[in-house]
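Fold and contact review
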Amino acid sequence: MGKSVQTIAKNVSLIASKKTWIEGLAVEQLKKTSQLTGMHSVAGMPDLHPGRGYPIGAAFFTTNKIYPALVGNDIGCGMALWQTSTKVANVKLDKLAKQFKDIEQPLDSEWHEQIAARKQDKDITNDIFDQALGTIGGGNHFAEFQAIDKIYDGETVAALGLDRKKLQLLVHSGSRGFGQSILVEHITKHNHCGLLVDGDDFNDYCQQHDHAVRWAELNREFIAKRFLAAIRATGNCVLDVNHNLVSPKTIGETKGWLHRKGATPGDQGCVMIPGSRGDYSYLVKPLPLSEEQALTSLYSLAHGAGRKWKRGECQGRLSNKYKRDDLYRTALGSRVICGNKELLYDEAPQAYKKCQTVISDMEDAGLIEVVARLKPVLTFKTNGDCS
C-alpha cells in the first residue's frame with residue numbers, strides 16, 4: 001500500500017505520508033466521526049482539513065444510517081472540465097481578463113429557453129433557485145482557464161479528446177442555495193442525527209439530495225457555457241464529477257452508504273485534482289484496487305490541494321509580504337480576478353498545500369496514475385462581493 005497509508009484507528013485510515021502536513025484538529029474530527037452510530041469505516045485524503053464539526057477531504061461509509069450533515073450544505077459540489085475552441089497560442093491575458101464584467105449576474109432571457117430544456121432533460125423541477133443557475137458562489141469555488149502543460153499518458157489524453165493546443169476550462173461549484181435549504185431543513189428537524197435507511201425521512205432526504213446533485217451539475221454546465229460565450233468560444237464537457245454527496249455502495253462484502261465530503265470518486269474514470277490558483281492541476285486516472293486498498297481509500301481521492309491555513313487568518317499572514325496587486329498575478333504567470341479583498345487573501349496559493357504533495361501521496365498509495373498536468377492561465381473568483 002505504500003508509506004502514505006496510515007492507520008489512525010481500527011476503522012480510520014489516512015492517505016497521507018508522514019511528511020504531508022495535516023492539522024491535528026482534522027484528524028480528531030476524523031476519529032470523532034468514526035464513532036457515529038452505524039459508521040463502518042472512515043478514510044481521510046491527503047487534502048484533509050478541519051470543517052465545521054466534520055473534516056473536509058474525507059469519505060465515510062455507513063451501514064444502517066446516513067448522515068446529511070456529513071455531506072453538508074453544498075450537495076453535488078464538484079468539478080467539470082470543458083475543452084474550449086480557443087487556441088492557447090491566441091490568448092491575450094489583458095484582453096481575456098476584460099471579458100467577464102457581467103458574468104455573475106443572473107442569466108438573462110436569452111438563456112431561459114435553453115435552461116428550461118436542460119432542466120427537463122435532467123428532471124429538475126425546482127424553480128426557486130433558477131436565478132442562481134450559472135453562478136459560481138464564494139469560498140473556494142472558481143472558474144479557471146488552463147493550458148495543458150505536460151502529458152504523461154498520451155493514449156488516455158487522446159481517448160478523452162483533449163488537445164493541448166486548446167484552452168481548457170475547469171469549473172468548481174455546487175448547488176448554491178438549493179443544497180443549503182435542504183441541509184437547513186434536515187438540521188431543523190433532526191439536528192445532526194442521522195437517518196435510518198428506508199424510513200420516510202430517509203427517502204425524502206434522498207429525493208431532495210439527488211435533485212440537488214442534478215441541479216449542481218446543471219449549474220456547472222451553465223457556468224461553463226456563459227464563460228465560453230464571454231470569450232466567444234464553443235466547447236465540450238470532457239468530464240463532470242461530484243465530490244459532495246452520499247450514494248449506495250458495496251465495499252468488500254458490505255452493502256452501505258458512501259458519504260463524500262470534499263472527496264473525489266475513484267471509481268468513475270478520470271478526474272481532475274485542482275491546485276490553488278497559483279499551482280498546477282492534475283488530470284489523473286484511478287487504478288484498479290485490491291480489497292485492502294478499497295477498504296482504506298473507500299474508492300475516493302483528494303478533491304484538491306487542501307487548505308493549510310484557516311480562512312480569516314490569511315490576510316494577517318500575508319498582508320505584510322504581499323500587497324493586493326501582488327496577488328492578481330501568480331508565480332506561474334497566470335492572472336487572478338477577485339474583487340473581494342478577504343477572499344483574495346483567503347484563497348491565495350500560500351494558504352494551500354502544494355498539489356504535487358497530494359498527488360504523490362495518492363500515487364504512493366497505488367490509487368492513481370497522472371495523465372496530464374495543467375497550468376492556470378486565468379482564475380475567476382468574483383468581480384466584487386460573492387453572489
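Structural data are supplied above this passage.
These notes cover the structure that comes with them. Keep in mind it's a predicted model, so treat the numbers as computed, not measured.

Here the focus is the overall build of the protein chain. Counting its secondary structure elements, the protein chain contains 11 helices and 18 strands. Here the protein chain has a C-alpha radius of gyration of 20 Å; the compact-globule value for 387 residues is 21 Å, and the two agree. With respect to the three principal axes, the spread of C-alpha positions in the protein chain is 55 × 45 × 45 Å. Across the 387 residues of the protein chain, 56% fall into the buried class. If you take every contact in the protein chain between residues at least 6 apart in sequence, the share linking residues at least 24 apart comes to 79%. Entry remark: accessible area of the protein chain is about 16,800 Å², with carbon and sulfur atoms responsible for 47%. Within the protein chain, one finds 49 positive and 44 negative side-chain charges whose respective centroids are separated by 7 Å.

We now examine the layout of surface pockets. When its volume is computed, the largest pocket comes out at roughly 1,400 Å³. Surrounding the largest pocket, 49 residues form its lining, Ile 56, Gly 139, Asn 140, Lys 261 and Arg 311 being those nearest its centre. The dominant element in the lining of the largest pocket, judged by the number of residues it contributes, is helix α6 (residues 176–190), at four residues. Of the residues belonging to the lining of the largest pocket, the class tally is 14 nonpolar, 21 polar and 14 charged. Taken together, 21 residues line the second largest pocket, and the ones lying closest to its centre are Ser 276, Gly 278, Pro 349, Gln 350 and Lys 354.

Note that soluble globular proteins tend to have their nonpolar side chains buried in a common cluster. Among the nonpolar cores identified, the biggest contains 55 residues, and Leu 283, Val 284, Ile 359 and Met 362 are the most heavily contacted of them. Here this core takes five residues from strand β18 (residues 368–382), the largest share from any one element. Residues contacting Met 362, with those up to four places away along its chain left out, are Pro 46, Ile 273, Leu 301, Ala 302, Leu 367 and Ile 368. By size, the runner-up hydrophobic cluster in this structure holds 24 residues, among which are Trp 111, Ile 115, Phe 129 and Trp 257.

On to helix α4 (residues 109–121), then. Helix length check: α4 (13 residues) gives 19 Å between terminal C-alpha atoms against 18 Å at 1.5 Å per residue, within 8%. Tucked inside the fold, the buried residues of α4 contact α7 (200–230). Residue Asp 123 follows α4 closely and has a positive phi angle near 55°.

The next point concerns the sheet that holds strand β1 (residues 5–9). Spatially, β1-β2-β3-β4-β12-β11 is the arrangement adopted by the six strands of the open sheet, whose pairing is mixed. In this open sheet, the two strands that pair with only one neighbour each are β1 and β11 (244–251). Direction aside, neighbouring strands of the sheet carry axes that sit 20° apart on average. In this structure, strand β3 (residues 39–49) lies alongside strand β4 (residues 56–62), joined through six bridges in antiparallel fashion. The partner of Met 39 across the bridge, within β4, is Thr 62.

Next up on the list: helix α11 (residues 355–364). Every buried residue belonging to α11 is among Cys 355, Val 358, Ile 359, Asp 361 and Met 362, and all of these are buried. Each buried residue of α11 lies within a common arc of 160° when the element is viewed along its axis, so the set occupies one face. Of the residues flanking the end of α11, it is Gly 366, one or two places downstream, whose phi is positive at about 75°.

To continue, consider the pattern of salt bridges. Overall, the coordinates contain 20 salt bridges when judged by the stated rule. Where Asp 94 meets Arg 335, a salt bridge forms, and the shortest distance between an N and an O atom there is 3.0 Å. With Asp 94 in helix α3 (residues 93–96) and Arg 335 in strand β17 (residues 335–338), the pair connects residues that are 241 residues apart, well separated along the chain. A residue is classified by how much of its surface remains accessible, and Arg 335, at 14% relative accessible area, is buried. Between Asp 240 and Arg 220 there is a salt bridge whose closest N-O contact spans 2.8 Å. Residue Asp 240 is located in strand β10 (residues 235–242), and its partner Arg 220 is located in helix α7; the two are separated by 20 residues in the primary sequence.

This part is about the pairing of β18. Sheet faces and side chains relate simply in a regular strand, where the side chains alternate between the two faces. β18 sits mainly inside the fold: 13 of its 15 residues count as buried. Two strands pair when backbone bridges link them, and strand β7 (residues 142–151) and β18 are joined in this way by eight bridges, in the antiparallel orientation. Each bridged residue has a counterpart across the sheet, and for Lys 150 the counterpart in β18 is Arg 373. Two elements, strand β15 (residues 281–286) and β18, share six bridges in a ladder whose sense is antiparallel. When the sheet's bridge partners are listed, Leu 283 is paired in β18 with Ala 372. Two strands pair when backbone bridges link them, and β17 and β18 are joined in this way by four bridges, in the parallel orientation. Bridge assignment links Cys 338 to a residue of β18, and that residue is Thr 382.

Here we come to the packing of aromatic side chains. With the rule as written, the count across this model stands at nine aromatic pairs. When the ring of Phe 100 is compared with that of Phe 145, the centres are 6.0 Å apart and the planes differ by 25°; the resulting orientation is stacked. Of this pair, Phe 100 sits in the loop between α3 and α4 while Phe 145 sits in strand β7, and the two are 45 residues apart along the sequence. Residue Phe 100 shares its accessibility class with Phe 145, and that shared class is buried. Ring centres 5.2 Å apart and planes at 80° place the aromatic pair Phe 202 and Trp 257 in the edge-to-face group. Taken as a pair, Phe 202 in helix α7 and Trp 257 in strand β12 (residues 254–261) lie far apart in primary sequence, 55 residues in all. Assigned by exposure class, Phe 202 and Trp 257 land together as buried. A cation over an aromatic ring shows up here: Arg 373 above the ring of Tyr 280, its NZ or CZ 3.7 Å from the ring centre.

What counts, and where the lines are drawn
Residues numbered from 1 in each chain as written. Predicted model: local features only at pLDDT ≥ 70, side-chain atom pairs only at ≥ 80, totals over all residues. Heavy atoms only, no water. Helix = DSSP H or I, 4+ residues; strand = E, 2+ residues; numbered from the N terminus. Rg over C-alpha atoms; globule rule 2.2 N^0.38 Å. Buried < 20%, exposed > 50% of the residue type's maximum accessible area, 1.4 Å probe, protein only. Contact = heavy atoms within 4.5 Å. Areas by Shrake-Rupley, 256 points an atom, 1.4 Å probe, with all protein chains shown as cover. Lys, Arg positive; Asp, Glu negative; His and termini not counted. Charge placed at Lys NZ, Arg CZ, Asp CG, Glu CD. 1 Å grid on protein atoms, 1.4 Å probe; cavity = no way out; pocket = protein on both sides within 12 Å on 5 of 7 lines; lining within 4 Å. Points joined across faces, edges and corners; volume = space filled by probe spheres on them. Nonpolar A, V, L, I, M, F, W, Y, C, P; charged D, E, K, R; others polar. Core = buried A, V, L, I, M, F, W, Y, C linked by side-chain atoms within 4.5 Å. Expected span 1.5 Å × (residues − 1). Pairing = 2+ DSSP bridges. Axes fitted to C-alpha atoms, helices over the stretch in contact; angles between N-to-C directions. Arc of directions from axis to C-beta. Salt bridge = Lys/Arg side-chain N within 4 Å of Asp/Glu carboxyl O. Phe/Tyr/Trp six-rings, centres within 6.5 Å; stacked < 30°, edge-to-face > 60°. Lys NZ or Arg CZ within 6 Å of the ring centre and 35° of its normal.

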